[in-house]
Amino acid sequence: MFALHRPQRSPRLFSSNPAGALRTLLLVAVCIALMFYDHQRGHLQKIHAALSTLVYPVQAAVNAPYALANWAQEKLAMHTALVKENTRLNQELLMDSVQLQQTAALEQENARLRELLQASAKLRGHVVLATLLAADMDPFRHMIVIDKGADAGVYEGQTLLDARGIIGQVIQVGPVSSEVALITDPSQAIQVQVNRTSLRTLAIGGADVDTLSLPYLANNADVKPGDLLVTSGLDGHYPAGYPVAVITRVHRDPAEPFASVTAQPVADLDHGHDVLLYFPAVASTPLPKPEVRSTKKPLRRRPR
Amino acid sequence: MRNPIRRRANWVIVVTYVAALLLSIWPLPDWAEPFRPAWLVLTTVYWCLFLPHRVGLLVTFVVGILMDSLTGSLLGEHALALLLVAWVTLKLHLQIRVYPWWQQTLVVLSLMLLYTFVLFWVDGMLGYTQGSLLRWMPVLITTLLWPWVMQLLSVLQQRYQVS
């Protein structure tokens, strides 16, 4: 085009051969080495953290219109709409408090029964509010960015919840932001139990963002559509007893050893809203969890 | 450089790359996500084609690593795919530059196939093989966008005299 008249050799350094074989091979080798080391998660934590700080402005910029729209909606909302919303929220609060009264009684009863059974008491964690940024990541993975990082004490493997249930876990911690894999990500599996029967199984992610599959249920397993799945806590990762998904379809083929069961997550996995980071209560006997707070220290002591 | 009238206008290149990164993570509805064009490939091919002495493999590598961090993929995955695209473009830039637009579009098609194949291959080794057919949609869409993106970028380049 118009650049044609330019001499091919311009006087700048390195310009004579922009695609030199040595440079190409070197950079390709760097890429491959990076992928190798990154595949064993944890080796490149420092680089990931630095890069996440570097790209955070881009993510924040993409999120800005959504944040602005929310803010404007709040500021410009009509008085009547606000009053209406206030009334509705007050009613919801009342309903919830009534249910909470029962919960308190049930909890006490539960503790007493556990004492009778000499089982360890359930420990309650606390939660911290975070926001999912409206930024898409790899279209064939289900991942999301939140606006809290190591500065808020976020650690790798931490559970993320919303008002309805489990969202996923933190897989990468940066200084001011973190990456979260949703429970429907193809790389994720979560230990669940059917709330009705306490039947335990695994729910794994896949291609679809609103589908979990339960591939390890026998053909005669007692499950039916509508059953609630809650975390069992046996994976030592997710806290026990939180809702995960509702079974949507059970298909039993006598020719197959396992039933084909799918479930729909109860949490709102879409982006751009408030979520909760779960901090487990400190147990008297520490759980074998090497990941906890690992971002603050050098990663040499990682087992892998 | 030797001609003082000609400003270097580095910022135009930076702005186009930042725009490409922004568009790459701009939230889309779930159904539209597999159809997202590979904006970064278009930008890389353009600058490697028309400013090969300024934008080369090193810039491509850095941008690719940033893209990896943004998409949460393996560090080096997008960088590797982009590097190969940039390398082919740089090798053939004198020929591709004089092609008519439809022939250039065919070149972009093959570059996109290369790019997608590398990503597909790395993901396959990691075990993420979901949506195999949908994966090839961006190839088509990105290719169709090339003539327009090329026009837009060359207008920008002429307007701000990036050279």
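Quick caveat: nothing in here was measured; it's all calculated off a predicted structure.

Parameters at a glance
- Residues numbered from 1 in each chain as written.
- Chains lettered and ligands numbered in written order.
- Predicted model: local features only at pLDDT ≥ 70, side-chain atom pairs only at ≥ 80, totals over all residues.
- Heavy atoms only, no water.
- Helix = DSSP H or I, 4+ residues; strand = E, 2+ residues; numbered from the N terminus.
- Buried < 20%, exposed > 50% of the residue type's maximum accessible area, 1.4 Å probe, protein only.
- Contact = heavy atoms within 4.5 Å.
- Areas by Shrake-Rupley, 256 points an atom, 1.4 Å probe, with all protein chains shown as cover.
- Phe/Tyr/Trp six-rings, centres within 6.5 Å; stacked < 30°, edge-to-face > 60°.
- Lys NZ or Arg CZ within 6 Å of the ring centre and 35° of its normal.
- Core = buried A, V, L, I, M, F, W, Y, C linked by side-chain atoms within 4.5 Å.
- Buried area = accessible area lost by both parts, 1.4 Å probe.
- Salt bridge = Lys/Arg side-chain N within 4 Å of Asp/Glu carboxyl O.
- Polar contact = N/O pair within 3.5 Å; in protein donor to acceptor, adjacent residues only side chain to side chain.
- Nonpolar A, V, L, I, M, F, W, Y, C, P; charged D, E, K, R; others polar.
- Patch = residues over 30% accessible without salt bridge, like charges linked within 9 Å, V, L, I, M, F, W, Y side chains within 5 Å.
- Lys, Arg positive; Asp, Glu negative; His and termini not counted.
- Charge placed at Lys NZ, Arg CZ, Asp CG, Glu CD.
- Pairing = 2+ DSSP bridges.
- Axes fitted to C-alpha atoms, helices over the stretch in contact; angles between N-to-C directions.
- 1 Å grid on protein atoms, 1.4 Å probe; cavity = no way out; pocket = protein on both sides within 12 Å on 5 of 7 lines; lining within 4 Å.
- Points joined across faces, edges and corners; volume = space filled by probe spheres on them.
- pLDDT = per-residue confidence, 0-100.
- Parallel < 35°, antiparallel > 145°, perpendicular 65-115°, else oblique.
- Left-handed = near helix turned anticlockwise from the far one by under 90°.
- Expected span 1.5 Å × (residues − 1).

Trainee: Can you walk me through the overall build of chain B in this structure?
Mentor: Check the secondary structure of chain B and you find 6 helices and 0 strands. N-terminal to C-terminal, the α/β element order of chain B is α-α-α-α-α-α. For chain B, buried positions account for 56% of its 163 residues. Counting contacts in chain B only where the partners sit at least 6 residues apart, residues at least 24 apart contribute 72% of the total. Accessible surface for chain B amounts to roughly 7,300 Å². Of this, 72% is attributable to carbon and sulfur atoms.

Trainee: Would you mind showing me how to read the overall build of chain A here?
Mentor: The secondary structure content of chain A amounts to 3 helices and 12 strands. Within chain A, residue pairs in contact and separated by at least 24 positions form 60% of the contacts whose partners lie at least 6 positions apart. Accessible surface, chain A as shown: approximately 17,900 Å² in total, 60% of it carbon and sulfur.

Trainee: What am I meant to see in the packing of aromatic side chains here?
Mentor: Working definition: an aromatic ring pair is given by the centre-to-centre distance plus the angle between the planes. All names here are of chain B. In this structure the tally under the stated criterion is 7 aromatic pairs over all chains. Put simply, the rings of Tyr 46, Trp 47 and Phe 50 touch in pairs and so form one group of aromatic residues. The ring centre of Tyr 160 lies 5.0 Å from the NZ or CZ of Arg 159, which sits over that ring.

Trainee: Explanation requested: the nonpolar core in the structure shown.
Mentor: Among soluble globular proteins, nonpolar side chains are generally buried collectively. If you look at the biggest cluster of nonpolar residues, it comprises 62 residues, and the most contacted ones within it are B:Leu40, B:Val41, B:Val45, B:Trp47, B:Phe61, B:Tyr115 and B:Trp146. For this core, the elements supplying multiple residues, two or more each, are helix 1 (21–39) and helix 2 (45–76) of chain A together with helix 1 (10–25), helix 2 (39–50), helix 3 (57–71), helix 4 (77–98), helix 5 (101–126) and helix 6 (137–159) of chain B. Residues contacting B:Val41, with those up to four places away along its chain left out, are B:Leu82, B:Val85, B:Met112 and B:Tyr115.

Trainee: Explain the interface of chain B and chain A to me, please; I cannot follow it from the model alone.
Mentor: Where interface size is given, it is often the accessible area lost as the parts come together that is meant. Between chain B and chain A, the residue contacts involve 54 residues of the former and 52 residues of the latter. Between chain B and chain A lies a buried interface of about 4,900 Å² when both sides are counted; carbon and sulfur atoms form 70% of it. One salt bridge in this structure joins B:Arg36 and A:Asp136, with 2.8 Å as the shortest N-O distance. At the junction of chain B with chain A, the criterion picks out 7 residue pairs in polar contact (both at pLDDT 80 or more). Elements supplying a minimum of two residues to the side of chain B that touches chain A: helix 1, helix 3, helix 4, helix 5 and helix 6 of chain B. Per-element accounting of the side of chain B that touches chain A gives the leading share, 12 residues, to helix 4 of chain B. The residue makeup of the side of chain B that touches chain A, split by class, is 31 nonpolar, 11 polar and 12 charged.

Trainee: Hey, could you run me through a negative patch on the surface in this one?
Mentor: On the surface, a cluster of negative charge is made up of A:Asp208, A:Asp210, A:Asp270 and B:Asp30. Examined against the element boundaries, A:Asp270 turns out to sit in the loop between strand 11 (260–265) and strand 12 (274–279).

Trainee: Just to check I follow, could you spell out the pattern of salt bridges for this structure?
Mentor: Side chains carrying opposite charge are able to pair once their charged atoms draw close together. Residues and elements named next belong to chain B. Evaluated as defined, the whole model comprises 6 salt bridges over all chains. With a shortest N-O distance of 2.9 Å, Arg 135 and Asp 123 are connected by a salt bridge. Highlighted residues: Arg 135 in the loop between helix 5 and helix 6 and Asp 123 in helix 5, separated in sequence by 12 residues.

Trainee: Just checking my understanding: could you explain the sheet that holds strand 2 (residues 143–146) of chain A for this structure?
Mentor: In any sheet, the strands associate via hydrogen bonds between backbone groups, in a parallel or an antiparallel arrangement. All names here are of chain A. With antiparallel pairing, 6 strands are arranged side by side in an open sheet as 1-12-3-4-5-2. Edge strands, defined here as strands with exactly one partner in the open sheet, are strand 1 (126–131) and strand 2. The sheet shows a mean angle of 40 degrees between the axes of neighbouring strands, direction not considered. Taken together, the 6 bridges between strand 1 and strand 12 define a ladder with antiparallel strand orientation.

Trainee: What am I meant to see in empty space enclosed by the protein here?
Mentor: Over the atoms, a rolling probe the size of a water molecule traces out where space has been left empty. Residues and elements named next belong to chain B. Applying the stated criterion across every chain, the model contains 5 cavities of 30 Å³ or more. Empty space within the largest cavity amounts to approximately 340 Å³. Only helix 2, helix 3, helix 4 and helix 5 provide two or more residues apiece to the lining of the largest cavity. Counting residues per element, the lining of the largest cavity draws most heavily on helix 5, at 5 residues. Here the residues of the lining of the largest cavity are counted per class, giving 13 nonpolar, 4 polar and 6 charged.

Trainee: So what exactly am I meant to see when it comes to the pairing of strand 11 of chain A here?
Mentor: Two faces, one strand: in a regular strand the side chains alternate between the faces of the sheet. All names here are of chain A. One ladder, built from 3 bridges, connects strand 8 (residues 212–214) with strand 11; its direction is antiparallel. When the sheet's bridge partners are listed, Leu 212 is paired in strand 11 with Ala 263. With 6 bridges joining them, strand 10 (residues 243–251) and strand 11 adopt antiparallel strand pairing. Bridge pairing in strand 11 links Ala 245 to Pro 265.

Trainee: Teacher, can you tell me more about the confidence of the model for chain A here?
Mentor: Residues and elements named next belong to chain A. Scored by pLDDT, chain A comes out at a mean of 82, with 83% of its residues at no less than 70. Between residues 7–15, whose pLDDT stays under 50, and residues either more than four places distant or in other chains, the model counts 12 contacts. Here residues 284–304 is a poorly scored stretch, pLDDT under 50, and it has 24 contacts once near neighbours within four places are set aside; other chains count.

Trainee: Looking at this structure, how should I read the packing of helix 1 of chain B against helix 2 of chain B?
Mentor: Describing two packed helices takes the angle between their axes plus the distance from one axis to the other. All names here are of chain B. The geometry of helix 1 relative to helix 2 is characterised by a closest axis approach of 8 Å and an angle of 160 degrees between their N-to-C directions. What the angle tells us is that helix 1 and helix 2 run roughly antiparallel. Note on packing geometry: the crossing formed by helix 1 with helix 2 is left-handed. Taken together, the residues of helix 2 that come into contact with helix 1 (itself represented by Ile 13, Thr 16, Tyr 17, Ala 20, Leu 21, Leu 23 and Ser 24) are Trp 39, Leu 40, Thr 43, Thr 44 and Trp 47. Taken together, the residues that form the contact of helix 1 with helix 2 break down as 8 nonpolar, 4 polar and no charged.

Trainee: Is there a simple way to explain helix 2 of chain B in this structure?
Mentor: Residue pairs three or four apart in sequence face the same way in an α-helix, which turns once every 3.6 residues. Residue and element names in this part refer to chain B. In this model helix 2 runs 17 Å from its N-terminal to its C-terminal C-alpha over 12 residues, within 8% of the 16 Å that 1.5 Å per residue would give. For helix 2, a buried count of 11 out of 12 residues is recorded, marking the element as mostly surrounded by other parts of the structure. Buried within helix 2 we find Leu 40, Val 41, Leu 42, Thr 43, Thr 44, Val 45, Tyr 46, Trp 47, Cys 48, Leu 49 and Phe 50. As for helix 2, its buried residues are in contact with helix 1, helix 3, helix 4, helix 5 and helix 6.

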